Structures are given as C-alpha cells and as structure tokens.
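# Per-entry structural report
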Amino acid sequence: MLITRHAEARAVLADPRYVPPPVRQDGREGTLAWLRAHVSRFSTGETHAARRHLVVERLAALDPAELRTAARAMTLERDGEWRGVPTAVLGTALGVKDTSAVAAAASGYLSGEESPEADAAVAELLGLTDLPAVTLLLQGHAATEALIDNALQHAAARPGAPGDAPGPAEPGADVEALLRETLRQDPPLKATRRLDTRTGDEVTIDLVAANRDPDVFAEPGRFDPARGDTPHLTFGYGVRPCPAPAHALALAAGVLEAVLTASLRSPGDGAHSLHGGSHR
Ligand code: HEM
C-alpha cells in the first residue's frame, strides 16, 4: 500500500503496530548485516526504545551551535569542497578522528545491499568507536549531504528571485529558511517503509507527496523559503522520528553559510544574502 496523504502518513508513523520491515539477524559479527540487526533504526518495541535511548544520550552531549561553527570553518578551510565535512565534523564531536570509512559503510545501511567493501568499512568503524557512534555517523551521512545538495540547487535556481521579501537581518537566518523549505519540498529520504503487524502487508509512505499535501500546505508546489516552520514529515514522526534534526540542520547550515557566502560575494560589493543582499 502506498500512502501519500499527510494525515494518513502521520497516523501510520504514530502507530506502534506498524514496524520497520525486519532485517536479517544472522549476519556475521562486524558485518553490515550484523550492524543492521543491532541498531535502533530497524528494531522494534523495547529493544528499539533501549537502543534509541543510547543514541539520544550521545546526541545530547553534542551542541548543534558548535557543529555549525565547525562545519562552516572546515568548509572554508577546504575552499568550499564541502563533501565529507558534515560527517568529519560529527565524527570529531563524537571522538572519531577518521571518518573515511563512513561513506562506504553508509551505502548499504538503509537498503541492506551487502558488499565486501561495505562489510570492511563497517568493521573498520567498529574498530574505531562504539555502536551508538557508528549508528549516528551512518544515519546522518547520506541524508545530510543530500539535503545540502538539494539546498544548493534551489539557491542556484533563484539567487535574489524577483518578488522575494527581504530576508530577516539575523545572519544565517536566510540559510535556515532555505534549508527548511528544501526539507519540505525535496526530502533527502523520499520514502520510508513499514510492516503492518496485523496483516503482514507492507506500507510505503511517500514523504514527497505527504509534504505537498494540499490539505496542509498552501500552494504546495511552490518553493517558498518564507513559509517558516512547516509540519513536513522529512524527519519522520511518531514512534521513531529522527532524533537529530537540530544536529542535521546545524551541520547543513554551517556548510551552506560557507559555500553561499563565498559564492555570492562580488568584488567590492561585500557579501550578499541569499535574497540578493538588498536589505543589508
Ligand atoms: C537531513 C538530514 C536527515 C534526515 C532527513 C533524517 C531523517 C530521518 C528519518 C525520516 C528517520 C526515521 C526513519 C523512519 O521513521 O522510518 C531518521 C532516523 C534516525 N536518524 Fe535521521 N535524518 C537526518 C540526519 C541525521 C543525522 C545528522 C543524524 C545523527 C547525528 C541522524 C540520526 C538518526 C537516527 C539515530 C535515527 C534512528 C532513530 C530510531 O531508530 O529511533 N539523522 N532520520
């Protein structure tokens, strides 16, 4: 069954009778399959609650404002080459100095697609740190980079689009507005799946469609950073939402601040805002 309406999506995500489709439990220790069998993301009930508690505890020790500053600084240091920055910053904050194995380990994390490369990368990460830290690095990696990619595309498509209201004077506030609307319109994760434990049916929740439900969002097809906070479902909802929206936003905002400030600076003219800088 495919769910496209916002209200229905929320009802399923809030109902504990819908669980993530089970993953194989017989993977050899230290492999991708073993990892997937041991993280909160694919577990249910009390096991899920206990594993989720461990990652939430670890996240509580991280300050999103510091992540943002560090992501901005590292992006500037790397002359705008931002790929790998969110994960490196998160890794440093978690005490993991080398995050070069994260991309390979993350590639099959959600899909379950196993490979010798992914297994080797998981083993390497487990040799560097513990399971909650590996979970955070793998969960955050692809989604945060996809969010940045999508936001940069929107920024490029509409630098100072005519008719835009001047942005708020607070520095960085326009980056946040861009990110929030990107999250609604172009979620990095397009869908999530559940198993109905009563019927055995699989349910796919189309997050793109739910985020454009006309019953909830006026002119849902229009990209409008001035919407402010919206009830988008990009970070999930209900029983197991993403525990790290503030961290993800901070990492992405730090990178964007660095990339966009540099790319919008024109000689002799100072830094422009995303909306063209007319209000500065
Ligand atoms: C834009 C970036 C991100 C997006 C869109 C996103 C989205 C999501 C969503 C939708 C879920 C729930 C999946 C479901 O209900 O089926 C989730 C779970 C999770 N996310 Fe994120 N996430 C992002 C970044 C991050 C980052 C940076 C971290 C870590 C610092 C993180 C950690 C987690 C964890 C640990 C879970 C599993 C929660 C649980 O099992 O209860 N996410 N994320």
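These figures come from a predicted structure and were not determined experimentally. Position numbers for residues count from 1 along each chain, tracking the sequence in the order it is written. pLDDT decides what is reported in this predicted model: residues at 70 or higher carry local features, side-chain atom pairs at 80 or more are listed and counted, and totals for whole chains, interfaces and linings draw on all residues regardless. Side-chain descriptors were evaluated using all non-hydrogen atoms of the structure, hydrogens and water having been removed beforehand.

Moving on, we come to the coordination of the iron atom of the ligand. Donor atoms: N, O and S within 2.8 Å of the metal, or within 3.2 Å for Na, K and Ca. Because water is excluded, sites can look incomplete. Exactly one donor from the protein chain reaches the iron atom of the ligand: Cys242 (SG), at 2.4 Å. Each helix is a run of DSSP H or I of at least 4 residues and each strand a run of E of at least 2, with the numbering of both proceeding from the N terminus. Here Cys242 shows up in the loop between helix H10 (207-210) and helix H11 (245-264).

One speaks of a salt bridge when a side-chain nitrogen belonging to Lys or Arg is within 4 Å of a carboxyl oxygen belonging to Asp or Glu. Per the counting criterion, the structure on display carries 18 salt bridges. A salt bridge links Arg227 to Glu181; the nearest nitrogen and oxygen atoms lie 2.8 Å apart. Of the two residues, Arg227 is situated in the loop between H10 and H11 and Glu181 in helix H9 (residues 173-185); the sequence distance between them amounts to 46 residues. Classification of residues uses two cut-offs on accessible area relative to the type maximum, computed with a 1.4 Å probe and protein chains only: under 20% is buried, over 50% is exposed, and between them is partly exposed. By relative accessible area, Arg227 is classed as partly exposed at 21%. Judged by relative accessible area, Glu181 falls into the buried class, the value being 2%. Put simply, Arg222 and Asp224 hold a salt bridge, and the shortest N to O gap is 3.3 Å. According to the relative accessible area criterion, Arg222 is partly exposed, its value standing at 42%. Each of Arg68, Arg72, Glu176 and Glu257 takes part in a single network of salt bridges with overlapping partners.

Turning our attention to the sheet that holds strand S2 (residues 18-19). Paired strands, as defined in this entry, are two strands with at least two bridges between them according to DSSP. The four strands are arranged S1-S4-S3-S2 in an open sheet whose pairing can be described as mixed. Across the chains shown, the open sheet's two edge strands, defined by having one partner strand only, are strand S1 (2-3) and S2. Of the pairings in the sheet, the one linking strand S3 (residues 191-196) to strand S4 (residues 202-206) comprises five bridges and is antiparallel in character. Among the inter-strand pairings, Leu195 is bridged to a residue of S4, identified as Glu202.

So, on to helix H3 (residues 45-60). Multiplying 1.5 Å by the residue count of a helix minus one yields the expected span of that helix. Its 16 residues give H3 an end-to-end C-alpha distance of 22 Å, which sits within 8% of 22 Å, the value for a rise of 1.5 Å per residue. Along H3, the residues classified as buried are His48, Arg52, Val55 and Leu59. One side of H3 carries all its buried residues, which in axial view fall inside an arc of 65 degrees. Opposite the packed face of H3, turned more than 90 degrees from it, sit the exposed residues Glu46 and Ala60. Arc, as used here, means the arc of the directions from the helix axis to the C-beta atoms.

On to the packing of helix H4 (residues 64-77) against helix H5 (residues 85-94), then. Note on geometry: axes are C-alpha line fits, over the in-contact stretch for helices, and angles between N-to-C directions span 0 to 180 degrees. Relative to each other, H4 and H5 sit at 130 degrees, their axes nearing to 9 Å. Viewed along their axes, H4 and H5 adopt a mutual orientation that is oblique. For H4 against H5, the interelement crossing comes out right-handed. Residues Leu67, Ala70, Ala71, Met74 and Thr75 of H4 pack against Val85, Ala88, Val89 and Ala93 of H5. Residue type decides the class: Asp, Glu, Lys and Arg count as charged, Ala, Val, Leu, Ile, Met, Phe, Trp, Tyr, Cys and Pro as nonpolar, and the leftover types, Gly among them, as polar. Grouping the constituent residues of the contact of H4 with H5 by class yields eight nonpolar, one polar and no charged. An angle below 35 degrees is treated as roughly parallel, one above 145 as roughly antiparallel, one from 65 to 115 as roughly perpendicular, and anything else as oblique. Take the far helix as the reference: if the near one is turned anticlockwise from it by less than a right angle, the crossing is left-handed, and if turned clockwise, right-handed. Contacts are assigned to residue pairs that have any heavy atoms within 4.5 Å of one another.

Among the structural elements, Leu251 can be located in helix H11. Beyond its immediate sequence surroundings of up to four residues, Leu251 is in contact with Leu67, Ala71, Pro86, Val89, Leu90 and Thr144.

Among the 25 residues in the neighbourhood of the ligand, the closest are listed as His48, Arg52, Thr192, Arg194 and Cys242. Contacts described as polar in this section are N or O atom pairs within 3.5 Å, which, within protein, must combine one atom able to donate a hydrogen with one able to accept it, while residues neighboring in sequence count only if both atoms come from side chains. In the model, an oxygen atom of the ligand is placed 2.6 Å from a nitrogen or oxygen of the His48 side chain. In the model, an oxygen atom of the ligand is placed 2.7 Å from a nitrogen or oxygen of the Arg194 side chain. For the shell around the ligand, the secondary structure elements donating two or more residues are H3, helix H8 (131-157) and S3. The nearness test applies per residue and asks whether one of its heavy atoms lies within 4 Å of the molecule or strand.

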